[in-house]
Amino acid sequence: MLPLNQPSSASGVRVGILHSQTGTIALSERPLIDAALMAIAQINQAGGVLGEPIEPLVVDGASDPAEFARQAQQLIQFEGITTIFGCWTSATRKAVKPIVETLNALLWYPVQYEGLEQSTNIFYTGACPNQQVEPAVSWLLSHKGKRFYLLGSDYVFPRTLNKIITCQLKQQSGEVVGEDYVDLAETDFSGAIARIQQTQPDVVFNTLNGQGNQFFYRQYRDAGITAEDIPILAVSVAEVELQTMEDAAVGHYASWSYFQSLNTPKNNRFVQEFQARYGTDRVTSDPIEAAYSQVFLWKLAVESAQSFTVDQVRLAAYGQSFAAPGGLIQIQPNHHVGKHSYIGQVLPGGQFQVIHRSQTPIKPLPWLGVEELNFNQSDLVIEMLSQVSQGIQETWLSEQKSRQLEALTQKLQQAEQALRESAIALRNHNRVLTQLAKSPAIHQGDLNAAFAEITQAGVQSLGVERTGIWLFDKTGSKLQCLDLFDKNHNQHSQGIELAVADYPTYFNLKFPFDK
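Analysis parameters
- Residues numbered from 1 in each chain as written.
- Predicted model: local features only at pLDDT ≥ 70, side-chain atom pairs only at ≥ 80, totals over all residues.
- Heavy atoms only, no water.
- Axes fitted to C-alpha atoms, helices over the stretch in contact; angles between N-to-C directions.
- Helix = DSSP H or I, 4+ residues; strand = E, 2+ residues; numbered from the N terminus.
- Parallel < 35°, antiparallel > 145°, perpendicular 65-115°, else oblique.
- Left-handed = near helix turned anticlockwise from the far one by under 90°.
- Contact = heavy atoms within 4.5 Å.
- Nonpolar A, V, L, I, M, F, W, Y, C, P; charged D, E, K, R; others polar.
- pLDDT = per-residue confidence, 0-100.
- Polar contact = N/O pair within 3.5 Å; in protein donor to acceptor, adjacent residues only side chain to side chain.
- Salt bridge = Lys/Arg side-chain N within 4 Å of Asp/Glu carboxyl O.
- Buried < 20%, exposed > 50% of the residue type's maximum accessible area, 1.4 Å probe, protein only.
- Expected span 1.5 Å × (residues − 1).
- Pairing = 2+ DSSP bridges.

*Asks:* Help me out: how do you make sense of the packing of helix H6 (residues 190–199) against helix H7 (residues 212–222) in this one?
*Replies:* Angle between the axes and distance between the axes are the two parameters that describe a pair of packed helices. Following both chains from N to C, one finds H6 and H7 inclined at 45 degrees, their axes separated by 10 Å at the closest point. Comparing the axis directions of H6 and H7 gives the class oblique. The element H6 and its partner H7 pack so that their crossing is right-handed. Mapping the contact onto sequence places Ser 190, Ile 193 and Ile 196 in H6 and Phe 216, Gln 219 and Tyr 220 in H7. Here the contact of H6 with H7 is built from residues that sort into four nonpolar, two polar and no charged.

*Asks:* Explain the confidence of the model for the protein to me, please; I cannot follow it from the model alone.
*Replies:* Low-confidence regions, as indicated by low pLDDT, have predicted coordinates that should not be scrutinised in detail. Looking at the protein, pLDDT values average 90 and 90% of them are 70 or higher. Between residues 1–7, whose pLDDT stays under 50, and residues either more than four places distant or in other chains, the model counts 20 contacts.

*Asks:* Looking at this structure, I do not really get the environment of Arg 282. What am I missing?
*Replies:* You can see Arg 282 is positioned in the loop between helix H9 (265–278) and helix H10 (286–305). Sequence-wise, Arg 282 and Glu 239 are 43 residues apart; in three dimensions their C-alpha atoms are separated by 9.3 Å. Not counting residues within four places of it along the chain, the set of residues in contact with Arg 282 comprises Pro 31, Asp 34, Phe 274 and Gln 275. Of note is the side chain of Arg 282, whose polar atom sits 2.8 Å from the side chain of Asp 34.

*Asks:* Teacher, can you tell me more about the pattern of salt bridges here?
*Replies:* Two side chains bearing opposite charge may form a pair once their charged atoms approach each other closely. Scanning all chains against the criterion turns up 16 salt bridges. A salt bridge links Glu 117 to Lys 94; the nearest nitrogen and oxygen atoms lie 2.9 Å apart. Linking Glu 117 in the loop between strand E5 (106–109) and strand E6 (122–124) with Lys 94 in helix H3 (residues 90–103), this pair joins segments that are 23 residues apart in sequence. On the basis of relative accessibility, which here comes to 3%, the residue Glu 117 falls in the buried class. Given the relative accessible area of 10%, Lys 94 is considered buried.

*Asks:* What should I look at first to understand H10 in this one?
*Replies:* Look at H10: 28 Å from first C-alpha to last across 20 residues, which is about the 28 Å you get at 1.5 Å a residue. The element H10 is extensively covered by neighbouring structure, given that 17 of its 20 residues are classed as buried. Gln 306 occupies a position one or two residues after H10 and carries a positive phi of about 55 degrees.

*Asks:* I would appreciate a short explanation of helix H14 (residues 447–462) in the present structure.
*Replies:* Think of an α-helix as 3.6 residues a turn; residues three or four steps apart then line up on the same face. End to end, H14 covers 22 Å across 16 residues, agreeing with the expected 22 Å (1.5 Å per residue, within 8%). Looking only at H14, the buried set comprises Ala 450, Phe 451, Ala 452, Thr 455, Ala 457, Gly 458, Val 459 and Ser 461. With its phi angle positive at about 70 degrees, Gly 463 sits one or two positions after the end of H14.

*Asks:* What exactly am I supposed to notice about the sheet that holds strand E7 (residues 147–153) here?
*Replies:* By definition, the strands of a sheet pair up through backbone hydrogen bonds, in either a parallel or an antiparallel sense. Spatially, the seven strands line up as an open sheet ordered E8-E7-E9-E10-E11-E14-E15, and their pairing is mixed. The sheet is open, and its two borders are formed by strand E8 (175–182) and strand E15 (352–357), each paired with just one other strand. The mean inter-strand angle of the sheet, taken between neighbouring strand axes irrespective of direction, is 25 degrees. Of the pairings in the sheet, the one linking strand E11 (residues 253–256) to strand E14 (residues 342–346) comprises four bridges and is antiparallel in character. By the bridge assignment for E14, Trp 256 is matched with Tyr 342. Helix H4 (residues 129–143) rests against E7, strand E9 (203–207), strand E10 (232–234), E11, E14 and E15 of the sheet, and its axis sits at about 170 degrees to E9.

*Asks:* Before we go on, may I ask you to explain the side chain of Thr 125 in this structure?
*Replies:* Secondary-structure assignment places Thr 125 in the loop between E6 and H4. Separated by 2.7 Å, the side chains of Thr 125 and Gln 294 make a polar contact. Not counting residues within four places of it along the chain, the set of residues in contact with Thr 125 comprises Trp 108, Tyr 109, Pro 110, Ala 290, Gln 294, Leu 297, Val 337 and Lys 339.

Spelled out as structure tokens, the structure:
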């Protein structure tokens, strides 16, 4: 099916909002939906885009790259949508990338990422490593020390970033003393924390994403490590995540291009409007600010193009600027935006105090500055760099499939073992029943001997310590034991009575039917 270039409907122009509402990343990602919807509401209130109201279609990526790809294809091919605001993790973005490229739609991506990528069908409004990570590493080397412990979630973003960090440390006389990766759903960080305590780094550089952060920071605090002892600097912990941590992150650091605490008229108004719409307990963050601002950048591009057609909007987007809550941003020809760099320290109450800032917005260099070098082989180097990130992604996917296959194999082995045990038990039951069927006592009508053989066979067949045959008396008020076999003592007993009056609870539980 060919992509559709006319996303308008009877009620307005349709856009997709593709973020996780469920799963491990939902905590961080759900607020981005709110930010995009607020921008859309404000644009609609001011007259819409090219005279048409924006009609958002919100879908759930469920924190799963495959589901993001499926939903993106559904939005484009079956809903006729050519503009999608969405994704958080690089794994989900990379899953959506071939979809928007093949079907010629635009993805507006609002989260900081590892760089080494540039698609004509994606606008990257979060920070590149040179705007977020490199300034943070340089600041840490100057203020905290040279020995770094790298802790991240196990997927392409942390693994690629940590390669970049390792190279930067080598250039600036730093060193990596430890490196750990955990699943996005991990809740137990005792192993990583023990290794941090053992290696005693000067700082932990944290690239964890999603709900795992709250468990890590709490367990780190409970292990007795303070921000004064070994500080943590994070690049994916913002105000939203701090709300789940109580005081566990106080004193630690984060690097972003925006903090809610920025004291400017534009940002104060943005925070007030966000809280007026969604509640005074809500906070804003860097990804929220980018998710909000990129909707306005798209609007400006559409109005400049005087068209919703993808190719025309793409060309018109270059050079568009918007006075965002965090400062003026402008789309560059490389599909990224200039961003300030801020380093904040966590305060009690879940906000950041800005302790370092860049003097001016930092130019986005997704190719580590190679694109700035003037030499004949720069295009070749960029192509090779693109394979680094893609190779890490493919390796991660291969490892994921390998782990899934290993888990499936283990389940199959367990099922086979259960079937073997069931078959053995069934053969044992059949053998016991066959023996009973051939019993002379049963055929001769000797009930006492037959009862004894049946209870003894029951112990043998069921694998229990005792079995008995009990009979209600004519009044239904007593149970009389016809035979009880105790395997441990190899002994039969008869004549025991249990009265309903003595054991009412037992009788109600075991014999609730009409006796």
